[in-house]
Protein chains: 2
Amino acid sequence: MAKKIINNIRKLRFEHDEMTQAALAEALGVTRQTVAAMEGNKYPPSLELAFRLADVFDEDISYVFEYVNE
Amino acid sequence: MAKKIINNIRKLRFEHDEMTQAALAEALGVTRQTVAAMEGNKYPPSLELAFRLADVFDEDISYVFEYVNE
DNA sequence: ACTTAATGTAAAATATTTTTAACAATTATT
DNA sequence: AATAATTGTTAAAAATATTTTACATTAAGT
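The rules we used
- Residues numbered from 1 in each chain as written.
- Chains lettered and ligands numbered in written order.
- Predicted model: local features only at pLDDT ≥ 70, side-chain atom pairs only at ≥ 80, totals over all residues.
- Heavy atoms only, no water.
- Contact = heavy atoms within 4.5 Å.
- Buried area = accessible area lost by both parts, 1.4 Å probe.
- Salt bridge = Lys/Arg side-chain N within 4 Å of Asp/Glu carboxyl O.
- Polar contact = N/O pair within 3.5 Å; in protein donor to acceptor, adjacent residues only side chain to side chain.
- Helix = DSSP H or I, 4+ residues; strand = E, 2+ residues; numbered from the N terminus.
- Nonpolar A, V, L, I, M, F, W, Y, C, P; charged D, E, K, R; others polar.
- Least-squares fit on C-alpha atoms with pLDDT ≥ 70 in both.
- Near = heavy atom within 4 Å.
- Buried < 20%, exposed > 50% of the residue type's maximum accessible area, 1.4 Å probe, protein only.

Caption draft 1: How the structure looks around the interface of chain A and chain B. Counting residues at the interface gives 15 residues for chain A and 15 residues for chain B. Here chain A packs against chain B, burying approximately 1400 Å² in sum over the two surfaces, 68% of which is carbon and sulfur. The three residues of chain A that bury the most area against chain B are Leu47, Phe51 and Tyr67 of chain A, which together make up 46% of that side's buried surface. Counting across the interface, chain A meets chain B through two salt bridges. A salt bridge links Asp55 of chain A to Lys3 of chain B; the nearest nitrogen and oxygen atoms lie 3.0 Å apart. At the surface where chain A touches chain B, the tally comes to six residue pairs in polar contact (both at pLDDT 80 or more). Broken down by secondary-structure element, the contributors of at least two residues to the side of chain A that touches chain B are strand S1 (3-7), helix H4 (47-57), helix H5 (61-64) and strand S2 (65-69) of chain A. Classifying every residue of the side of chain A that touches chain B by side-chain character gives eight nonpolar, one polar and six charged.

Have a look at this one:
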């Protein structure tokens, strides 16, 4: 049973004062395109960046990203 | 305040029937050197591999890897 | 309709991770 | 002491992730 990584970035951005991709990118220290790519599941971020994301949103990493059956 | 990723892989291997690095590598579908490198904090794994690790140990990803202040 | 802010997307370049291969060091067993 | 199993480590190549640059699209506000 194959699994895939999904993310709740868009949801979390809106729960955090409708933070824009650009504002999130700034907070993370990456480009806006990197945020867009992660959010759109173009490719997964590094573990380090995933943890920084969790920190910015003050959430557990396993809520920001989930590993679920396809 | 800089943070770093630490891991509990060695501990988890021993809690799981003293699983060797080779056996864990086999279960993950990676090489033994990759397991050794992760365990020795040579470099962090990809997010995908971190999730697979959590699956193998049946633990939450945030227990296998922790993001802590240095 | 026009302007601005926000987002989507893609190609090429750069950076990081994983693999491969090889050998050394350690630990356990006989 | 010798052997086997496990682990440590390193270098180079391969694979994958990330950044940059650039332009297109969408949504909101005036």
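Caption draft 2: A look at the relation of the copies chain A and chain B. Superposition of chain A onto chain B requires a rotation of 180° combined with a translation of 0.0 Å along the rotation axis, giving an RMSD of 0.1 Å. Put plainly, the chains are arranged around a two-fold axis. Scanning chain A for the C-alpha nearest the rotation axis identifies Leu47 of chain A, at a separation of 2.4 Å. Most of the interface of chain A is mirrored in chain B: 100% of its interface residues are interface residues there too.

Caption draft 3: Inspection of the protein's contact with DNA strand C at higher detail. Close contacts around DNA strand C come from 19 residues, with Arg10, Gln21 and Arg32 of chain A together with Thr34 and Ser46 of chain B the closest. Counting only atoms of DNA strand C within 4 Å of the protein, the fraction found in sugar and phosphate groups is 58%. Here Thr31 of chain B contributes a backbone N or O atom positioned 3.5 Å from a phosphate oxygen of DNA strand C. Contact between DNA strand C and Ser46 of chain B: a phosphate oxygen at 2.8 Å from a main-chain N or O atom of the residue. Along the lines of polarity and charge, the residues of the surface near DNA strand C split into six nonpolar, eight polar and five charged.

Caption draft 4: Representation of H4 of chain A within the structure. Of the residues making up H4 of chain A, those classed as buried are Leu47, Leu49, Ala50, Phe51, Leu53, Ala54 and Phe57 of chain A. Just past H4 of chain A, the residue Asp58 of chain A takes up positive phi, approximately 55°.

Caption draft 5: Fine view of unusual backbone geometry. All names here are of chain B. Non-glycine residue Glu18 carries a positive phi angle of around 50°. Summarising the element assignment, Glu18 is placed in the loop between helix H1 (9-15) and helix H2 (21-28). The phi dihedral of Asp58 is positive, around 55°, even though this residue is not glycine. In this structure Asp58 comes out as exposed when scored by relative accessible area, which is 69%.

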